[in-house]
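# What the coordinates show
Chain residues, written in single-letter form:
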Amino acid sequence: DVTFDDIDWADVAIEANKADALVATRTGTEKRSRCWGFWQSEQKRGDVMRQALDSTGTEISQNEEGKFRIRLIDDVRTGTLTFTDRHITSYTLGSGPEAPERPNRCRLSYYSPERNYSLSDIDLTGIPWAEVPSEVAAYGDKPTDIELPFCPSASQGQRIARRLFAVARADRGVIHT
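Throughout what follows, the structure given in this document is the object of discussion. (Residues numbered from 1 in each chain as written. Predicted model: local features only at pLDDT ≥ 70, side-chain atom pairs only at ≥ 80, totals over all residues. Heavy atoms only, no water.)

## Describing the pattern of salt bridges
Stated precisely, the cut-off is as follows: In the sections that follow, a salt bridge refers to a side-chain nitrogen of Lys or Arg positioned within 4 Å of a carboxyl oxygen of Asp or Glu. Numbering of helices and strands runs from the N terminus, with a helix taken as a DSSP run of H or I at least four residues long and a strand as a DSSP run of E at least two residues long. For each residue, the accessible area found with a 1.4 Å probe, counting protein chains only, is set against the maximum for its type, and the residue is called buried under 20%, exposed over 50%, and partly exposed in between.
Counting across every chain of the model gives twelve salt bridges. Here Glu135 ties to Arg169 by a salt bridge, and the two come within 2.9 Å at their closest N and O atoms. Here Arg169 lies in helix H4 (residues 154-169) and Glu135 lies in helix H3 (residues 133-139), a separation of 34 residues in the sequence. The buried category is assigned to Glu135, whose relative accessible area is 10%.

## A few points about helix H2 (residues 45-56)
Inclusion rule: Here the expected span of a helix is defined as 1.5 Å times the quantity of residues minus one. What the arc covers is the set of directions going from the helix axis to the C-beta atoms. What makes two residues a contact is simply this: any of their non-hydrogen atoms within 4.5 Å.
Here H2 spans 16 Å end to end across twelve residues, near enough to the 16 Å set by a 1.5 Å rise per residue. If you check which residues of H2 are buried, you get Val48, Ala52, Leu53, Ser55 and Thr56. Down the axis of H2, the sector holding all buried residues measures 165°, keeping them to one side. Contacts made by the buried residues of H2 are with strand E3 (58-62), strand E4 (68-72), strand E8 (143-148) and H4. Where H2 ends, the next residue or the one after it, Gly57, has phi of about 70°, a positive value.

## Examining the packing of aromatic side chains
For the record, the criterion: Pairing of aromatic rings covers Phe, Tyr and Trp, the last counted by its six-membered ring, and requires centre-to-centre distances within 6.5 Å; plane angles under 30 degrees mean stacked, over 60 mean edge-to-face, and any other angle means tilted.
Following the criterion strictly, the structure yields four aromatic pairs and no others. Ring geometry for Tyr111 against Tyr117: centres 5.5 Å apart, planes inclined by 50°, an arrangement best described as tilted. Residue class for Tyr117 comes out partly exposed when judged on its relative accessible area of 39%. Taken together through their ring pairs, the aromatic side chains of Trp36, Tyr111 and Tyr117 make up a single cluster.

## Looking at a nonpolar patch on the surface
Selection rule: Put simply, a patch holds well-exposed residues, over 30% relative accessible area, that have no salt bridge, with like charges counted together within 9 Å and Val, Leu, Ile, Met, Phe, Trp or Tyr side chains within 5 Å. Working definition of accessibility: Shrake-Rupley area with a 1.4 Å probe, residue cover restricted to the visible protein chains.
A cluster of nonpolar side chains, Leu81, Phe83, Tyr91, Leu93 and Ile175, forms an exposed patch at the surface whose accessible area comes to about 590 Å². As for its placement among the helices and strands, Phe83 is situated in the loop between E4 and strand E5 (90-94). What makes Phe83 partly exposed here is its relative accessible area of 42%.

## A closer look at unusual backbone geometry
A negative phi angle characterises most non-glycine residues, just as the trans form characterises most peptide bonds. One non-glycine residue, Asn116, lies in the positive phi region at around 60°. Its identity as a non-glycine residue notwithstanding, Tyr117 has a phi of 55°, on the positive side. Checked against the element boundaries, Tyr117 lands in the loop between strand E6 (105-112) and strand E7 (118-122).

## Regarding the sheet that holds E7
Each strand in a sheet pairs with its neighbour through backbone hydrogen bonds, running either in the same direction (parallel) or in the opposite one (antiparallel). Selection criterion: Pairing between two strands requires that DSSP report at least two bridges joining them. Every axis in this analysis is a line fitted to C-alpha atoms, fitted for helices over the stretch in contact. Angles between the N-to-C directions lie between 0 and 180 degrees.
With mixed pairing, the three strands of this open sheet are ordered in space as E7-E6-E8. Looking at the sheet topology across the chains shown, the edges are occupied by E7 and E8. Taking the axes of each pair of neighbouring strands and ignoring which way they run, one obtains an average angle of 25° across the sheet. Across six bridges, E6 lies against E8 in parallel orientation. The residue bridging Arg105 from the neighbouring strand is Pro143, located in E8. Docked against the sheet, H4 engages E6, E7 and E8, running at close to 145° with respect to E6.

## A word on the nonpolar core
Rules: We call a set of buried residues a nonpolar core when its members are Ala, Val, Leu, Ile, Met, Phe, Trp, Tyr or Cys and they connect through side-chain atoms within 4.5 Å of each other.
Among the nonpolar cores identified, the biggest contains twelve residues, and these are Cys106, Leu108, Tyr110, Ile122, Leu124, Ala130, Ile146, Leu148, Cys151, Ile160, Ala161 and Phe165. Breaking this core down by element, the ones donating at least two residues are E6, E8 and H4. Not counting chain neighbours up to four residues away, the residues in contact with Ile160 comprise Asp54, Ser55, Thr56, Gly57 and Leu148.

## Section: the environment of Asp5
Assignment of secondary structure puts Asp5 in the segment before helix H1 (9-20). Look at Asp5 and you get exposed, because its relative accessible area is 58%. As for Asp5 and Lys67, which are separated by 62 residues in sequence, their C-alpha atoms are 8.0 Å apart.

This is how it looks when you write it as structure tokens:
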């Protein structure tokens, strides 16, 4: 079990300040990341935690001392390691899912205050990142459903879904050191 002392609270405070930073939306500004909602007591804690992390665009990692921290996931990440040829014993690179199986349309639902705090769909029609029309025409509709049950903002949900949709379509690789 994780105890109070297993958490890097100073780092959590830094990330909480980043989450409170205002970001631009179509209608003004809002805090970058918020978490609202409820869950049923019979739900598995791990499932609820995964939903909360996805809904806030965060991940859990450990610091150098083994303490846990919660970090916001940036769209453009800064590398933390550099691998040179002398470190790499082998590697494999591969394309993402083949086009007929690759998701080509994103569907998104979030915890909507505008709809009395129910899980509601966002209409992503015409949003360039949310659909690949050439693949829909060639292979049919292959939607990926992203549910963010603790995300109280359509703008926040779209920022998170854009990244999750790109990851679902992305190329992959494995490096052995």
